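Each chain, written out:
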Amino acid sequence: AAREKWGPDSVVALRMTEEHVRRALREGHFVFIGSHGLARGLLAGKGLITPEDVARMDKNSRLQFVYLTSCDSGTQQKAWEEAFAPAKVVTYDRLTAVVEHISWLWFRGPDVVRGLE
């Protein structure tokens with residue numbers, strides 16, 4: 001859906017590192033962060049990325065949607081929403097399974113992407 005909407009070079013898959021999250025927020029319209037996590041933050045390499053870290057990162061004005069796969073990240077849902085604002089944020093305050101996120105990407109994700117500007 002993203003390639004259809006924004007072109008063949010519009011989709012990028014990167015390892016989960018703080019620098020790659022920074023890049024995604026600088027360049028992305030739709031950012032899918034597929035990482036493990038804790039209530040305190042997203043696991044990235046040897047550390048955590050917290051909502052406070054994200055709030056300090058530069059974000060482009062086209063960022064509209066962020067999906068977090070991280071288990072228990074939803075315990076800080078309001079903090080994530082403020083950190084990624086004004087983008088809409090999907091996060092979960094429980095354990096999640098990979099199949100749940102694949103299902104979301106397959107069945108709901110394309111419509112979300114198509115609805116972005």
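Above this text sits the structure in question.
Residues numbered from 1 in each chain as written. Predicted model: local features only at pLDDT ≥ 70, side-chain atom pairs only at ≥ 80, totals over all residues. Heavy atoms only, no water.

This paragraph deals with unusual backbone geometry. Cis geometry marks the peptide bond from alanine 85 to proline 86; its omega dihedral reads 10°. With respect to the secondary-structure elements, proline 86 resides in the loop between α4 (77-84) and β6 (88-90). One non-glycine residue, aspartate 72, lies in the positive phi region at around 65°. In this fold, aspartate 72 is placed in the loop between β5 (65-68) and α4. (Helix = DSSP H or I, 4+ residues; strand = E, 2+ residues; numbered from the N terminus.)

Along the chain, the position of serine 73 falls in the loop between β5 and α4. Those residues in contact with serine 73 that sit more than four places away from it in its chain are Leu38, Leu42, Leu68, Trp80, Thr91 and Tyr92. (Contact = heavy atoms within 4.5 Å.)

What follows is about α4. Considered for burial, the residues of α4 that qualify are Trp80, Ala83 and Phe84. Each buried residue of α4 sits inside an arc of 85° when the element is viewed along its axis, so together they form one side. Exposed side of α4, more than 90 degrees from the buried face: Lys78 and Glu82 are the residues found there. (Buried < 20%, exposed > 50% of the residue type's maximum accessible area, 1.4 Å probe, protein only. Arc of directions from axis to C-beta.)

Strand order across the open sheet formed by three strands is β2-β3-β4, with antiparallel pairing between neighbours. Pairing within the sheet leaves two strands with one partner each, and these edge strands are β2 (37-38) and β4 (47-49). Pairing between β2 and strand β3 (residues 41-44): two bridges, direction antiparallel. Along β3, the bridge assignment pairs glycine 37 with leucine 42. (Pairing = 2+ DSSP bridges.)

Here the focus is the sheet that holds β6. On the basis of which strands lie adjacent, the open sheet formed by three strands has the order β1-β5-β6 and parallel pairing. In this open sheet, the two edge strands, each paired with only one partner strand, are β1 (30-33) and β6. Ignoring which end each strand starts from, the neighbouring axes of this sheet average 10° apart. Judged from the three bridges that link them, β5 and β6 form a sheet pairing that is parallel. (Axes fitted to C-alpha atoms, helices over the stretch in contact; angles between N-to-C directions.)

Topologically, threonine 17 is positioned in the loop between α1 (2-6) and α2 (18-27). Separated by 55 residues in the primary sequence, threonine 17 and aspartate 72 have C-alpha atoms spaced 19 Å apart. Among all residues touching threonine 17, those that are not within four sequence positions of it are Ala44 and Ile49.

This paragraph deals with the pairing of β5. Burial of the side chains of β5 extends over both faces: Phe65 and Tyr67 are buried on one face and Val66 and Leu68 on the other. Note: β1 against β5, four bridges, orientation parallel. The residue bridging isoleucine 33 from the neighbouring strand is leucine 68, located in β5. Assessed by its sense of winding, the connection that carries the chain from β5 through α4 to β6 is right-handed. (Right-handed = clockwise from strand over helix to strand, strands pointing away.)

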